[in-house]
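One-letter residues, chain by chain:
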Amino acid sequence: MGDTRIVVVGGGAMGLATGWALTRRGEQPIVLERFARGHTRGASHGETRNFNNAYAEAHYLDLLARAREGWDALGSVGGEPILRLHGLVSHGSGTALGSAAGVGLIEVERVLRERGIPAELLDSGEATRRWPGMRFEDTVLHSPDAGVVRAAAALREFERRIADGGGQVRWETPVRCIEEDADGVTVHLADGGDIRADTAVVTAGAWTAKLLDGIRLPPLRVTEESPAHFAPADRSLEWPSFNHFVAPGAWPSNVYGMPTRARV
Ligand SMILES: Cc1cc2nc3c(=O)[nH]c(=O)nc-3n(C[C@H](O)[C@H](O)[C@H](O)COP(=O)(O)OP(=O)(O)OC[C@H]3O[C@@H](n4cnc5c(N)ncnc54)[C@H](O)[C@@H]3O)c2cc1C
C-alpha cells in the first residue's frame with residue numbers, strides 16, 4: 001500500500017468529476033493539478049457548456065443518460081441546478097443531412113422519443129413564433145431536456161465534494177512523470193516530491209501525450225478553440241441553446257451556441 005490508493009492527474013472537468021466519482025465509492029483520491037484554481041489554460045473553465053442531446057447514435061445517448069444521472073446527483077448550487085435545462089433547437093438548411101454525424105433530424109426525433117426523451121418537430125413558422133429573433137429556414141427539432149451545464153460552478157462543487165469525502169485537490173502541483181511497477185505507480189512531482197499509489201488516473205487533456213510519453217495512445221491532435229460571445233439585442237427574449245447545421249463545405253460552417261448569463 002502506497003501513500004494513497006488513487007491519484008488523479010489533472011484537475012479539469014474530467015479529473016474533478018473522476019475525483020468526485022471515486023469519493024462516492026468511498027475512496028479518498030488525491031487530485032493533482034499543475035495550475036491554480038480557476039485557471040483558464042485547459043478546456044474546462046468558463047460559465048457554460050452545452051448539454052446537447054440531438055443525437056441518434058445509441059452509444060452517445062447511452063453516455064448522455066449516464067451524464068444526466070451524474071449532473072442530477074450533483075444537484076443545485078446557489079439555489080440553481082448545475083444542469084440548466086432550457087431546451088435546444090436544432091435546425092438549418094443542412095438538416096436534410098442532419099446532425100453532426102450526418103443523420104437527419106427526423107431520425108433524431110424518432111430515436112429520442114423511443115428512449116422517452118421529449119422531442120418535437122416544428123415547422124419554421126411555429127419555431128419563429130416561439131423564439132423571436134432566431135431565424136429558421138426549415139424543419140426544427142426542439143428537445144426540451146437539453147440545455148447547459150454551469151461549468152465553473154460544477155468545478156467548484158466537485159472540489160467541495162471531494163474534500164467533504166476526505167479526498168484532496170492539490171492546485172499548482174505539476175506532475176513531471178509517472179512510473180509504473182508491479183506494486184503500483186510512483187507519481188513524480190515537478191517540485192521533487194513523490195507520491196506512491198496503487199493506481200493513477202490520467203485526465204491531462206491536451207497534455208496527455210506528453211505526460212504518457214512511451215504509452216501507445218490513439219493519435220491526438222490538439223487544437224485551439226475560440227468561442228465568441230454576443231450581447232443579446234433584446235434582453236427580454238429567452239433563447240434556448242441551438243445547433244445550426246449547414247450543407248457540407250458551406251461558410252460559415254455548422255455552429256452551436258447557448259445562452260450564458262453575463263457575470264456582473
Ligand atoms: C471552447 C470550448 C467549448 C466547448 N464546448 C463544449 C460544449 O458546449 N459541450 C460539451 O459537452 N463540451 C464542450 N467542450 C469540451 C469540454 O469542455 C471538454 O471535453 C472538457 O472540459 C475536458 O476536460 P478535461 O478535464 O479532459 O481537460 P482540461 O480541462 O484541459 O483539464 C486537463 C487538466 O490537466 C492539467 N494537467 C495537464 N498536465 C498536467 C501535469 N503534468 N500535472 C498536473 N496537471 C496537469 C491541466 O492543467 C488541465 O487543468 C468545449 C471545449 C472548449 C475548449
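Everything numeric in this text was worked out from a predicted model, so none of it was measured.

Cut-offs applied
Residues numbered from 1 in each chain as written. Predicted model: local features only at pLDDT ≥ 70, side-chain atom pairs only at ≥ 80, totals over all residues. Helix = DSSP H or I, 4+ residues; strand = E, 2+ residues; numbered from the N terminus. Contact = placed C-beta atoms within 7 Å. Near = placed C-beta within 6 Å. Nonpolar A, V, L, I, M, F, W, Y, C, P; charged D, E, K, R; others polar. Axes fitted to C-alpha atoms, helices over the stretch in contact; angles between N-to-C directions. Left-handed = near helix turned anticlockwise from the far one by under 90°. Pairing = 2+ DSSP bridges. Expected span 1.5 Å × (residues − 1). Buried ≥ 20, exposed ≤ 12 C-beta atoms within 10 Å, placed from the backbone. Core = buried A, V, L, I, M, F, W, Y, C linked by C-beta atoms within 7 Å. Domains from an automatic or database assignment.

## Some thoughts on the overall build of the chain
Thinking step 1. Looking only at helices and strands, one finds six helices and 16 strands in the chain.
Thinking step 2. Reported as C-alpha extents along the three principal axes, the dimensions of the chain are approximately 65 × 40 × 35 Å.
Thinking step 3. A fraction of 67% describes how many contacts in the chain between residues 6 or more apart in sequence connect residues 24 or more apart.

## Focus: the site of the ligand
Thinking step 1. Contacts to the ligand come from 26 residues, most closely from Gly-10, Gly-12, Gly-42, Asn-50 and Gly-205.
Thinking step 2. Residue assignment for the shell around the ligand shows that the elements contributing at least two residues are α1 (13-24) and β3 (48-51).
Thinking step 3. A per-class count over the shell around the ligand returns 13 nonpolar, nine polar and four charged.

## Examining the packing of α1 against helix α5 (residues 151-164)
Each packed pair of helices is defined by two parameters, the angle between the axes and the distance between the axes.
Thinking step 1. Two numbers describe how α1 lies on α5: the axes approach to 9 Å, and their chain directions differ by 35°. Between α1 and α5 lies a crossing whose hand is left-handed. In this structure, α1 contributes Ala-13, Leu-16, Ala-17, Gly-19, Trp-20 and Thr-23 to the contact, and α5 contributes Ala-154, Leu-155, Phe-158, Glu-159, Arg-161 and Ile-162.
Thinking step 2. For the contact of α1 with α5, the residue count by class is eight nonpolar, two polar and two charged.

## What to know about the sheet that holds strand β9 (residues 140-143)
Thinking step 1. Strand order in the open sheet formed by five strands is β8-β9-β7-β15-β16, and the pairing between neighbours is mixed. Every other strand in the sheet has two partners, leaving β8 (120-122) and β16 (255-257) as the edge strands with one partner each. Taking each pair of neighbouring strands and ignoring which way they run, the sheet shows an average axis angle of 15°.
Thinking step 2. Of the strands in this sheet, β7 (88-91), β8 and β9 touch helix α3 (residues 105-114), which is tilted by about 25° from β9.

## So, α1
Thinking step 1. Taking 1.5 Å as the rise per residue, α1 with 12 residues should run 16 Å; its terminal C-alpha atoms sit 16 Å apart, in good agreement.
Thinking step 2. What α1 keeps buried is the set Ala-13, Gly-15, Leu-16, Ala-17, Thr-18, Gly-19, Trp-20 and Leu-22.
Thinking step 3. Residues of α1 that are buried sit in contact with β1 (4-9), β2 (30-32), α5, β11 (168-170) and β14 (194-202).
Thinking step 4. Looking one or two residues past α1, Gly-26 carries a phi angle of roughly 90°, positive in sign.

## Quick notes on unusual backbone geometry
Thinking step 1. The residue after Trp-251, namely Pro-252, is reached through a cis peptide bond having omega -5°.
Thinking step 2. Structurally, Pro-252 can be placed in the loop between β15 (241-244) and β16.
Thinking step 3. Despite not being glycine, Glu-172 has its phi angle at roughly 50°, a positive value.
Thinking step 4. Within the secondary structure, Glu-172 sits in the loop between β11 and β12 (175-181).

## Here we look at the nonpolar core
Thinking step 1. If you look at the biggest cluster of nonpolar residues, it comprises 47 residues, and the most contacted ones within it are Val-7 and Val-9.
Thinking step 2. If one sorts the elements of this core by residue count, α1 sits on top with five residues.
Thinking step 3. Per-domain counts for this core show at least three residues from each of domain 1 (1-42 + 150-214) and domain 2 (53-145 + 234-264).
Thinking step 4. If near-sequence neighbours (up to four positions away) are discounted, Val-7 is found in contact with Pro-29, Ile-30, Leu-32, Val-187, Ile-195, Ala-197 and Ala-200.

## Examining the domain arrangement of the chain
Many structure descriptions define interface size as the accessible area lost when the parts assemble.
Thinking step 1. For the chain, the assigned domains are domain 1 (1-42 + 150-214) and domain 2 (53-145 + 234-264).
Thinking step 2. Taken over C-alpha atoms, the centre of domain 1 sits 33 Å from the centre of domain 2.
Thinking step 3. The interface is formed by four residues belonging to domain 1 together with four residues belonging to domain 2.
Thinking step 4. A class-by-class count of the residues in the side of domain 1 that touches domain 2 yields two nonpolar, no polar and two charged.

## A look at the pairing of strand β13 (residues 184-189)
Thinking step 1. Sheet analysis places β12 next to β13, joined by six bridges and oriented antiparallel. Its bridge partner lying in β13, Asp-181 is registered against Gly-184.
Thinking step 2. Hairpin connection between β12 and β13: a loop of two residues separates the two successive antiparallel strands.
Thinking step 3. Pairing of β13 with β14 involves four bridges; the strand directions are antiparallel. Within β14, the residue paired with Val-185 across the bridge is Ala-197.
Thinking step 4. In sequence, β13 turns back onto β14 through a hairpin of four residues, with Gly-192 there showing a positive phi of about 100°.

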